[in-house]
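Coordinate analysis (summary)
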Amino acid sequence: MIARSLLALALLAACGSEAAKTAPAPTAEPPAKAAEPPAKAEPFAEPKMNPPAPPAGAALLPDRKKPIYVQRCDAQHACPDKLQPAGETHCRDLELGGFKHWRLPDRDEVKRFGEIADLEQAEGFHWTRTAFAEDAAQAWIVDPKSGQETTIPRDRKPFRVRCVFEP
């Protein structure tokens, strides 16, 4: 802006214009105001998801950001004792409540089975899909009632297979 005013005055003076002689001298522009910080954006509301009711033969694992259904292991929906590879196949082939492709739970999910009050056969070791970090031929087994956990070779001994499903 100052540069334009100076250029205009210089052009007028060069032309000998009377306006150039009477034009006020350019003044410096007032210093720009310090930029105000942008208004703080309001955070988006966290969606409150109401998961669908669990299918027959399953329970809902509570307090998860993502719902997860846990097989109940009742008379109609047995949870067999199998070796871990056979357990993975069993869950993958399971159809329960209209849902297909269940899976073995991970180590942390099995630990939380104890939070489901009316879950049948929750005592005893359950297979997980979580491999032992130091030897992938072993997987974690967890007793959700006592909290005990250990690793064992996947094909050494059968333990309970309880499948889970994420809708």
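Residues numbered from 1 in each chain as written. Predicted model: local features only at pLDDT ≥ 70, side-chain atom pairs only at ≥ 80, totals over all residues. Heavy atoms only, no water.

1. Describing the overall build of the protein
- Within the protein, the regular secondary structure consists of 4 helices and 10 strands.
- The order of α-helices and β-strands along the protein, N terminus first, is α-α-β-β-β-α-β-β-α-β-β-β-β-β.
- In the protein, which comprises 167 residues, the proportion classed as buried is 31%.
- A sequence separation of at least 24 residues applies to 53% of the contacts in the protein between residues at least 6 apart.
- By element, 56% of the accessible surface of the protein is carried by carbon and sulfur atoms, the whole surface being about 11100 Å². (Helix = DSSP H or I, 4+ residues; strand = E, 2+ residues; numbered from the N terminus. Buried < 20%, exposed > 50% of the residue type's maximum accessible area, 1.4 Å probe, protein only. Contact = heavy atoms within 4.5 Å. Areas by Shrake-Rupley, 256 points an atom, 1.4 Å probe, with all protein chains shown as cover.)

2. A few points about the pairing of strand 8 (residues 149–153)
- The pairing of strand 7 (residues 135–142) with strand 8 spans 5 bridges and is classified as antiparallel. Residue pairing across strands places Val142 opposite Glu149, the latter belonging to strand 8.
- The antiparallel hairpin formed by strand 7 and strand 8 contains 6 residues in its connecting segment, where Gly147 sits at a positive phi of about 85 degrees. (Pairing = 2+ DSSP bridges.)

3. Focus: helix 3 (residues 84–93)
- The complete set of buried residues in helix 3 reads Gln84, Gly87 and Cys91. For helix 3, the angular spread of the buried residues around the axis is 50 degrees, confining them to a single face.
- On its buried face, helix 3 sits against strand 3 (81–82), strand 6 (126–132) and strand 7. (Arc of directions from axis to C-beta.)

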